[in-house]
Amino acid sequence: MKTYGVCVALLFCLTIVPLGAQGAAAPSDQTAALISGYEAYRNEDWTSAMFFFRKAVAGSGGATDETWYMLIMSEMFAGEYAGVLADCEAFLRQFSFSQYAPYIQYQRGRSQHYLRQNENAILTLSDFCHQYPDHGLYASALYWIAESFYAEYNYEAARALYERIVVDFPRDAKVGAAQYRIDAIDQKSREEKLLYLLKVTGEENLAAREEYERQLKVYDTEDRIGLQRRLSDAQRRIAELEDELSVTGGGMNGFNGEVDGIHDVADTISAKTPDVRQPLSADSEVEALKNKARQLQYLLDEHVRTEGAK
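Below is a short write-up of the structure. (Residues numbered from 1 in each chain as written. Predicted model: local features only at pLDDT ≥ 70, side-chain atom pairs only at ≥ 80, totals over all residues. Heavy atoms only, no water.)

**Considerations on the overall build of the protein chain**
Looking only at helices and strands, one finds twelve helices and two strands in the protein chain. For the protein chain, the succession of helices and strands along the chain, N to C, is α-β-β-α-α-α-α-α-α-α-α-α-α-α. Relative to all contacts within the protein chain whose residues are 6 or more apart in sequence, the contacts with residues 24 or more apart total 54%. As displayed, the protein chain offers around 19000 Å² of accessible surface, 54% of which is attributable to carbon and sulfur atoms. (Helix = DSSP H or I, 4+ residues; strand = E, 2+ residues; numbered from the N terminus. Contact = heavy atoms within 4.5 Å. Areas by Shrake-Rupley, 256 points an atom, 1.4 Å probe, with all protein chains shown as cover.)

Below is the structure:
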């Protein structure tokens, strides 16, 4: 509203053409540029406004604080933040006591934030808040300080300022944006905690799975060793029975139990071998053990039939 008031006042003044001895004089180039600049500004034609206001401040007659202020605002709306920053510094050097100086310092801080000079933006806007604690843009300055902290991932400092805006300036236009940022920071905090829990849980699950697999390997190894030992014992016993059978034809009654036991051992090893993933050599040993047991069974059966014939 203040900007448009300045526009109206200047347009009114510019319509009063000074009279000379020879009649009405034509407006100067700076005056024409100002009129065109205000017209472009009113139509939100920021590119044209920047051009005309830049032309106006180039001459001594148009280089007033109002003209500089309008130029800077046109650049701000156009997103020409590098130009804003340069012109703000030029303005503050020339018109440090102007009524527009607080506004220019505020825009200077905003432009620094948009240019990702967040540390400088925080300093500039903090100075603004210190110098003008009762200014109408105070809450907005706090907001842009918070935005600068937020852009630097300092969420704790940013959240404190957003909360201050919501609590201390409930009717300010920046309250909605500040509350949105508070919700976003809280959401980020919840997500970070969840990711941490998932990471910890995942590491614990991985450790448990590795321990489980290790135990399986241990049990597998122990089972394999036990089966190999039983296979060796059965093979040794078969060899002993073959020796006894070749030496004597008597005492065969006790052999049936031995052969049945060997059959049981062979069947047990054969059943468990796939579970423990025995190598192929173990399968051949089991098959050989079964064959030996079958041969012994055949010899025992022949012996029984011979004895019965007698």
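Further notes follow.
**Remarks on the packing of helix 7 (residues 118–131) against helix 8 (residues 138–151)**
At their nearest, the axes of helix 7 and helix 8 sit 9 Å apart, and the two run at 160° to each other. Overall, the two elements helix 7 and helix 8 adopt an arrangement that is roughly antiparallel. By crossing handedness, the relation of helix 7 to helix 8 is classed as left-handed. Residue-level contacts link Asn118, Ala121, Ile122, Leu125, Ser126, Phe128 and Cys129 of helix 7 to Tyr138, Ala141, Leu142, Trp144, Ile145, Ser148, Phe149 and Ala151 of helix 8. Of the residues in the contact of helix 7 with helix 8, the class split is twelve nonpolar, three polar and no charged. (Axes fitted to C-alpha atoms, helices over the stretch in contact; angles between N-to-C directions. Parallel < 35°, antiparallel > 145°, perpendicular 65-115°, else oblique. Left-handed = near helix turned anticlockwise from the far one by under 90°. Nonpolar A, V, L, I, M, F, W, Y, C, P; charged D, E, K, R; others polar.)

**Notes on the pattern of salt bridges**
Taken as a whole and judged by the stated rule, the model has eight salt bridges. Between Arg159 and Glu163 there is a salt bridge, with the nearest N and O atoms lying 1.9 Å from each other. Note that Arg159 and Glu163 are positioned in helix 9 (residues 155–168) at a spacing of four residues, about one turn of the helix. Of the residues examined, Arg159 reaches a relative accessible area of 23% and is grouped as partly exposed. According to the relative accessible area criterion, Glu163 is partly exposed, its value standing at 33%. Close ionic contact of Asp186 with Arg159 constitutes a salt bridge, the shortest N to O distance being 2.9 Å. With Asp186 in helix 10 (residues 175–247) and Arg159 in helix 9, this residue pair connects regions lying 27 residues apart in the sequence. One network of salt bridges, with partners in common, ties together Arg54, Glu75 and Asp87. (Salt bridge = Lys/Arg side-chain N within 4 Å of Asp/Glu carboxyl O. Buried < 20%, exposed > 50% of the residue type's maximum accessible area, 1.4 Å probe, protein only.)

**With respect to the packing of helix 6 (residues 101–114) against helix 7**
The interhelical angle for the contact between helix 6 and helix 7, taken along N-to-C directions, is 160°, at an axis separation of 7 Å. Judged by the angle between their axes, helix 6 and helix 7 are roughly antiparallel. Between helix 6 and helix 7 lies a crossing of left-handed hand. Residues Pro102, Gln105, Tyr106, Arg108, Gly109, Gln112 and His113 of helix 6 form the contact with helix 7, whose participating residues are Asn118, Asn120, Ala121, Thr124, Leu125, Asp127, Phe128 and Gln131. In the contact of helix 6 with helix 7, the residues fall into five nonpolar, eight polar and two charged.

**Overview of the nonpolar core**
Core analysis: the largest hydrophobic core is formed by 24 residues, its most contacted members being Tyr41, Phe53, Trp68, Phe91 and Ile104. Secondary-structure elements contributing two or more residues to this core are helix 2 (29–42), helix 3 (46–58), helix 4 (65–78) and helix 5 (81–94). Sorting elements by how many residues they give to this core places helix 4 first, with seven residues. Setting aside chain neighbours within four positions, we find Ile104 in contact with Tyr69, Ile72, Cys88, Phe91 and Leu92. (Core = buried A, V, L, I, M, F, W, Y, C linked by side-chain atoms within 4.5 Å.)

**Here we look at helix 9**
Given a rise of 1.5 Å per residue, 14 residues ought to cover 20 Å, and the 20 Å separating the end C-alpha atoms of helix 9 matches this to within 8%. Buried within helix 9 are the following residues: Tyr155, Ala158, Leu161, Tyr162 and Ile165. Along the long axis of helix 9, the arc covered by the buried residues comes to 130°, so they all point the same way. Every exposed residue of helix 9 that faces more than 90 degrees away from the buried side is listed here: Glu156 and Val167. (Expected span 1.5 Å × (residues − 1). Arc of directions from axis to C-beta.)

**Quick look at the packing of aromatic side chains**
For any pair of aromatic rings, the description consists of the separation of the ring centres together with the inter-plane angle of the planes. Summed over the entire model, instances satisfying the criterion amount to 17 aromatic pairs. An angle of 70° between the planes, with centres 6.2 Å apart, marks the rings of Tyr41 and Phe77 as edge-to-face. Of this pair, Tyr41 sits in helix 2 while Phe77 sits in helix 4, and the two are 36 residues apart along the sequence. Judged by its relative accessible area of 3%, Tyr41 falls in the buried class. By the ring-pair criterion, three or more aromatic residues cluster together here, those being Tyr81, Tyr114, Tyr143, Trp144 and Tyr162. (Phe/Tyr/Trp six-rings, centres within 6.5 Å; stacked < 30°, edge-to-face > 60°.)

**A word on the environment of Ser36**
Position of Ser36 relative to the elements: it lies in helix 2. When the C-alpha atoms of Ser36 and Ala49 are compared, they prove to be 7.4 Å apart, with 13 residues separating the residues in sequence.

**Considering helix 8**
Given 3.6 residues per turn, any residue in an α-helix points the same way as the ones three and four places further on. With 14 residues, helix 8 should cover 20 Å at 1.5 Å per step; its first-to-last C-alpha distance of 20 Å lies within 8% of that length. Across the 14 residues that make up helix 8, a large majority, twelve, are buried. Of the residues one or two after helix 8, Tyr153 is the one with positive phi, at around 65°.

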